[in-house]
Amino acid sequence: MDVVTSLLQTNDAPSSSDSFQIQQFLSQDADLLAGVEKELAVLVQRQKALRASIRDYETVLAPIRTLSPDILQYIFLLTLPEDRNPAILSKESPLVLTQVCSAWRQAALTAPRLWSKLHIPLIHKTGGASRPQNYPGVLAALGVTAHLPQPQQPPQQPEEDEEDEGEGDEEDEPEDDPSYSHHRTANRINSVMSNRRQMVELWLTRAKKTDLSISIVDATSFPFTMSTSFWRFEQKWTRHSLQIVDLLVQHASQLAVLDLGIPPRRAKSILGLPPGKVPRLRSLRFCHPGYHDPGKFTNLKYPVCGSPSIRSLRVALPAPVVEGLTVQWGNLTDLALTIDTGSWSQNPDLLPDFLSLCQNLVALSMTISPTSRAPRDPSAIVSIRSPLYVRFC
């Protein structure tokens, strides 16, 4: 090895005897390296096996396996969205919890509170001209994706020396026909709405007798006047949507929080519920523009508004009329109010008089139109017994 060391420090060639000796060293070390690599491969495989075993042991001994079903269900409740009701999505709690293992599925399915909240987007008939360009928005609102035909472009001339391939393909591809694609899309949406109705029914069944928090919204306006075929599909969507509303009516006694984001004409069966049918209803919000129409001041005359258990209310008062309304204002602790200054400004004293009916308010949020502001009498003071937080929008 001293020969090798000395030669490495120069550019001299080794002698014949040195070359023979170095070849022997090389052969010996190569054999040793091959043996070491074999041993290392065995050790690597052994390492992988040991790591796999350790993972298995740790999995079996995981603390979550020792949790009682009650604690596991409590943890499941913490996975629900905090700022909204959960949607019917397989990648969101609670549905995702049923896909982990049989034990988790059993724990989730036997936890009624886990299914007590639900967000439901609907499609309903609106009339008007057909707007196929709205299809992607409709599908997105329902959690569905589809590829629709693009507007036809002017034909492009092929470049020289370039073959015109695919000639005649348009006749073999019915998908390029807009009416065919729209028909296929209608079928897809109809299937989604049918499945949604079934899921809502199953969801409410899993909730058993717990208090329900429901938000039901108009996913999109999807008008149809294209053909009798399209009208038939649109009627099917309406039927599924109405069946979902009927399901909520069947569970009216469990409704505790209700956000109505569908137009009044589609919510008639809910709005017509007498107070005795909704004994647990403590929060009611009208979230559709149809309830804020100054020309149709009937939103607070619906029987459901008269439930004595309602403590939180979001509503529009386009006119300063409180007589004949079913709302029990003295029971409210949280009021979100939209008022039309054009009507209220005619008699500025009416607003203080109205608020004086709400003696138990804790939080008041008011949205006031910036137009038609009338001077207010500084002596008009509202006296409310409880501490009040007021926010003006």
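Predicted model only: the values in this text are computed from it and were never measured.

1. Details of the overall build of the chain
Step number 1: A tally of regular secondary structure across the chain gives 11 helices and 8 strands.
Step number 2: A burial count over the chain gives 34% of its 393 residues as buried.
Step number 3: Pairs at least 24 residues apart make up 72% of the contacts formed inside the chain by residues separated by at least 6 positions.
Step number 4: With an accessible surface of roughly 23,700 Å², the chain has 54% of that area assigned to carbon and sulfur atoms.

2. Focus: helix α3 (residues 69-78)
In an α-helix, one turn spans 3.6 residues, which is why side chains three or four residues apart end up on the same side.
Step number 1: Those residues of α3 lying buried are Leu 72, Gln 73, Phe 76 and Leu 77. In a view along the axis of α3, the buried residues occupy a sector of 150°, so they form one face of it. Facing away from the buried side of α3, by more than 90 degrees, are the exposed residues Tyr 74 and Leu 78.
Step number 2: Elements in contact with the buried residues of α3: α4 (102-109).

3. Quick word on the pattern of salt bridges
Step number 1: All told, the structure shown has 5 salt bridges when counted by the stated rule.
Step number 2: Taking the shortest distance from any N to any O, the salt bridge between Glu 201 and Arg 197 comes out at 3.8 Å. Highlighted residues: Glu 201 and Arg 197, both in helix α7 (residues 178-207), separated by 4 residues, approximately one helical turn.
Step number 3: One salt bridge connects Asp 211 with Arg 282, and the closest N-O pair in it is separated by 3.6 Å. Highlighted residues: Asp 211 in the loop between α7 and β2 (212-221) and Arg 282 in the loop between α9 (268-271) and β4 (283-286), separated in sequence by 71 residues.
Step number 4: Judged by its relative accessible area of 41%, Arg 282 is partly exposed.

4. Comments concerning the side chain of Ser 93
Step number 1: When you line up the elements, Ser 93 lands in the loop between α3 and α4.
Step number 2: Here Thr 79 takes part through its side chain, which lies 2.7 Å from a polar atom of the side chain of Ser 93.
Step number 3: Once residues lying within four places of it in the same chain are set aside, the contact partners of Ser 93 are Phe 76, Thr 79, Leu 80, Pro 81 and Pro 86.

5. Some remarks on the packing of aromatic side chains
Step number 1: If you walk through the whole model with that rule in mind, you get 2 aromatic pairs.
Step number 2: Between Trp 115 and Trp 203, the aromatic rings sit 4.9 Å apart at their centres with planes inclined by 80°, giving edge-to-face as the arrangement. Separated by 88 residues along the polypeptide, Trp 115 in the loop between α4 and β1 (117-124) and Trp 203 in helix α7 bring together distant segments of the chain. Taken individually, Trp 115 and Trp 203 each receive the classification buried, so the pair is uniform in this respect.
Step number 3: Above the ring of Trp 115, the side-chain terminus of Arg 206 is found at 4.6 Å from the ring centroid.

6. Brief notes about the confidence of the model for the chain
Step number 1: Residues at a pLDDT of 70 or more form 65% of the chain, whose mean pLDDT is 75.
Step number 2: A low-confidence stretch, residues 144-173 (pLDDT under 50), is modelled with 16 contacts involving residues beyond four sequence positions or located in other chains.
Step number 3: Predicted confidence is poor over residues 221-228, with pLDDT under 50, and the contacts of this stretch with residues over four places away or in other chains come to 28 contacts.

7. Some details on a nonpolar patch on the surface
Step number 1: Taken together, the side chains of Ile 71, Tyr 74, Ile 75 and Leu 78 make up a nonpolar region of the molecular surface, amounting to roughly 400 Å² of accessible area.
Step number 2: Take Ile 75: it is sitting in helix α3.
Step number 3: Using a relative accessible area of 35% as the deciding quantity, one classes Ile 75 as partly exposed.

8. Here's the deal with the side chain of Asp 259
Step number 1: Counting through the fold element by element, Asp 259 comes out in strand β3 (residues 255-261).
Step number 2: In this structure Asp 259 comes out as buried when scored by relative accessible area, which is 15%.
Step number 3: A polar contact of 3.1 Å, which involves the side chain of Asp 259, links it to the side chain of Arg 285.
Step number 4: Aside from chain neighbours lying at most four places away, what touches Asp 259 is Ile 214, Ser 215, Ile 216, Arg 285 and Cys 287.

Reading the values: rules and limits
Residues numbered from 1 in each chain as written. Predicted model: local features only at pLDDT ≥ 70, side-chain atom pairs only at ≥ 80, totals over all residues. Heavy atoms only, no water. Helix = DSSP H or I, 4+ residues; strand = E, 2+ residues; numbered from the N terminus. Buried < 20%, exposed > 50% of the residue type's maximum accessible area, 1.4 Å probe, protein only. Contact = heavy atoms within 4.5 Å. Areas by Shrake-Rupley, 256 points an atom, 1.4 Å probe, with all protein chains shown as cover. Arc of directions from axis to C-beta. Salt bridge = Lys/Arg side-chain N within 4 Å of Asp/Glu carboxyl O. Polar contact = N/O pair within 3.5 Å; in protein donor to acceptor, adjacent residues only side chain to side chain. Phe/Tyr/Trp six-rings, centres within 6.5 Å; stacked < 30°, edge-to-face > 60°. Lys NZ or Arg CZ within 6 Å of the ring centre and 35° of its normal. pLDDT = per-residue confidence, 0-100. Patch = residues over 30% accessible without salt bridge, like charges linked within 9 Å, V, L, I, M, F, W, Y side chains within 5 Å.

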